[in-house]
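Take a look at the letters that make up each chain.
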Amino acid sequence: MTAQDPAVAGPALDARNLRFGYLGKPVVDGVSLAIGKREIVCLLGGSGSGKSTLLRGLAGLAVPEDGTVSFLGQPLLAPHPRAALVFQQPSLLPWHDVRANVGFGLDFARQPAIDRVARERRIANAIEAVGLASHARAYPAQLSGGQAQRVALARALAREPELLFADEPFSALDAITRAEMQALLVDLVHRWHTAVLLVTHDIDEAILVADRILLLAGRPGRIAREWRVDIPRPREDHGDEIVRLRLEIVAALRDATNLAG
Ligand SMILES: Nc1ncnc2c1ncn2[C@@H]1O[C@H](COP(=O)(O)OP(=O)(O)O)[C@@H](O)[C@H]1O
Ligand SMILES: [Mg+2]
């Protein structure tokens, strides 16, 4: 449902030869990747492998020490209004109800001005899309963890993003809620025509959700392997293929870790 600009061909995001680090010590180096329009890419890696560092850099929240990021064909120098972020913690404002929390994502200076009616429509559509229409007047304290994360997703969707950056968005949820949220995410981004960069340490999550998996490993981190995931959806029905890919990824993780050690 996002307004696609036909003038912008090519990938949503194109990053070349990136290096990010802290205090002169590189955390990731030589990272190049592209994310196609409407593509779901999972960045998979162990804890501390540099996933969040890379995601923040790709989203324009950090300046690369080397390399370039381009978003919709333009150099990215700051967070882009057509990108949105979701983190592990939903970060809702407790004194605002669901509607106001969703609208909050639209009120930043760099966001294109929209009139009040369009704004209200966007907010209502996003809340409806995540299945919270009956909770639009609820406050964060009245929501479960899964519902709060749905609000965070709605807040991101209301921006009608071309690309959604999600950093371990479901890691704090119980297994059943996490599975629901994974299915919801895939359904939403297919309906809203949004590309996704999902950062996760969970191999099963990557296999269930991704069109493509990038394995981040090594010190400093680099893209060690890549898999295109062609397993038909719903993927739960294709257990053999899931198990086969899972074993391949585990072996690659072990190889990458041994090389780094
Ligand atoms: N603000 C920071 N200052 C210094 N070091 C950091 C900072 N953030 C992360 N690091 C370090 O960078 C490495 C990668 O961290 P991070 O990107 O958070 O990994 P991941 O998200 O894969 O768990 C870790 O060794 C971490 O300690
Ligand atoms: Mg992280």
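Since the model is a prediction, treat every value here as computed from it, not as a measurement. (Residues numbered from 1 in each chain as written. Chains lettered and ligands numbered in written order. Predicted model: local features only at pLDDT ≥ 70, side-chain atom pairs only at ≥ 80, totals over all residues. Heavy atoms only, no water.)

### Structural notes on the sheet that holds strand E1 (residues 13-22)
Item 1. Reading across the sheet, the four strands line up as E2-E1-E4-E5 and stay open at both edges, with antiparallel pairing between neighbours. Unpaired on one side and paired on the other, strand E2 (25-35) and strand E5 (74-75) mark the two borders of the sheet.
Item 2. Bridging between E1 and strand E4 (residues 66-71) involves five bridges; their strand directions are antiparallel. Across the sheet, residue Arg19 finds its bridge partner in E4, namely Asp66.
Item 3. Across the sheet, helix H1 (residues 51-58) touches E1, E2 and E4, and the angle it forms with E1 is around 125°. (Pairing = 2+ DSSP bridges. Helix = DSSP H or I, 4+ residues; strand = E, 2+ residues; numbered from the N terminus. Contact = heavy atoms within 4.5 Å. Axes fitted to C-alpha atoms, helices over the stretch in contact; angles between N-to-C directions.)

### So, the site of ligand 1
Item 1. Around ligand 1, the neighbouring residues are Tyr22, Val27, Gly46, Ser47, Gly48, Ser49, Gly50, Lys51, Ser52 and Thr53.
Item 2. Backbone polar atom of Gly48 to an oxygen atom of ligand 1: 2.7 Å apart, as the coordinates give it.
Item 3. Side-chain polar atom of Lys51 to an oxygen atom of ligand 1: 2.8 Å apart, as the coordinates give it.
Item 4. About the coverage of ligand 1: the protein hides 55% of its 560 Å² of free accessible area.
Item 5. A total of three residues in the shell around ligand 1 trace back to one element, the largest contributor, which is H1.
Item 6. Residues that form the shell around ligand 1 fall into these classes: two nonpolar, seven polar and one charged. (Near = heavy atom within 4 Å. Polar contact = N/O pair within 3.5 Å; in protein donor to acceptor, adjacent residues only side chain to side chain. Areas by Shrake-Rupley, 256 points an atom, 1.4 Å probe, with all protein chains shown as cover. Nonpolar A, V, L, I, M, F, W, Y, C, P; charged D, E, K, R; others polar.)

### With respect to the nonpolar core
Item 1. By size, the foremost hydrophobic cluster in this structure holds 53 residues, and its most contacted members are Val102, Leu153 and Ile213.
Item 2. Of the domains in this structure, domain 1 (1-82 + 161-261) and domain 2 (92-159) are the two that each give at least three residues to this core.
Item 3. Apart from residues no more than four positions distant in its own chain, Ile213 is found in contact with Cys42, Leu44, Ala206, Ile207, Arg225, Glu226, Trp227, Val229 and Ile249. (Core = buried A, V, L, I, M, F, W, Y, C linked by side-chain atoms within 4.5 Å. Buried < 20%, exposed > 50% of the residue type's maximum accessible area, 1.4 Å probe, protein only. Domains from an automatic or database assignment.)

### Some words on the sheet that holds strand E10 (residues 222-228)
Backbone hydrogen bonds are what pair the strands of a sheet, in a parallel or an antiparallel way.
Item 1. The strand order across the open sheet formed by six strands is E6-E7-E8-E3-E9-E10, and the pairing between neighbours is mixed. Here the strands that pair on one side only, and so sit at the sheet edges, are strand E6 (83-86) and E10. The sheet shows a mean angle of 20° between the axes of neighbouring strands, taken without regard to direction.
Item 2. Bridging between strand E3 (residues 40-44) and strand E8 (residues 195-200) involves five bridges; their strand directions are parallel. Following the sheet pairing, Ile40 is matched in E8 by Val196.

### Here we look at the packing of helix H4 (residues 145-157) against helix H5 (residues 175-192)
Item 1. Where H4 meets H5, the axes come as close as 11 Å, and the angle between the chain directions of the two elements is 15°. Taken together, H4 and H5 sit at an angle that is classed as roughly parallel. Every pair of crossing elements has a handedness; the one defined by H4 and H5 is right-handed. Note on element contacts: H5 touches H4 through Thr177, Glu180, Met181, Leu184, Leu185, Leu188 and Trp192, opposite Gly146, Gln149, Arg150, Leu153 and Leu157.
Item 2. When grouped by side-chain class, the residues that make up the contact of H4 with H5 number seven nonpolar, three polar and two charged. (Parallel < 35°, antiparallel > 145°, perpendicular 65-115°, else oblique. Left-handed = near helix turned anticlockwise from the far one by under 90°.)

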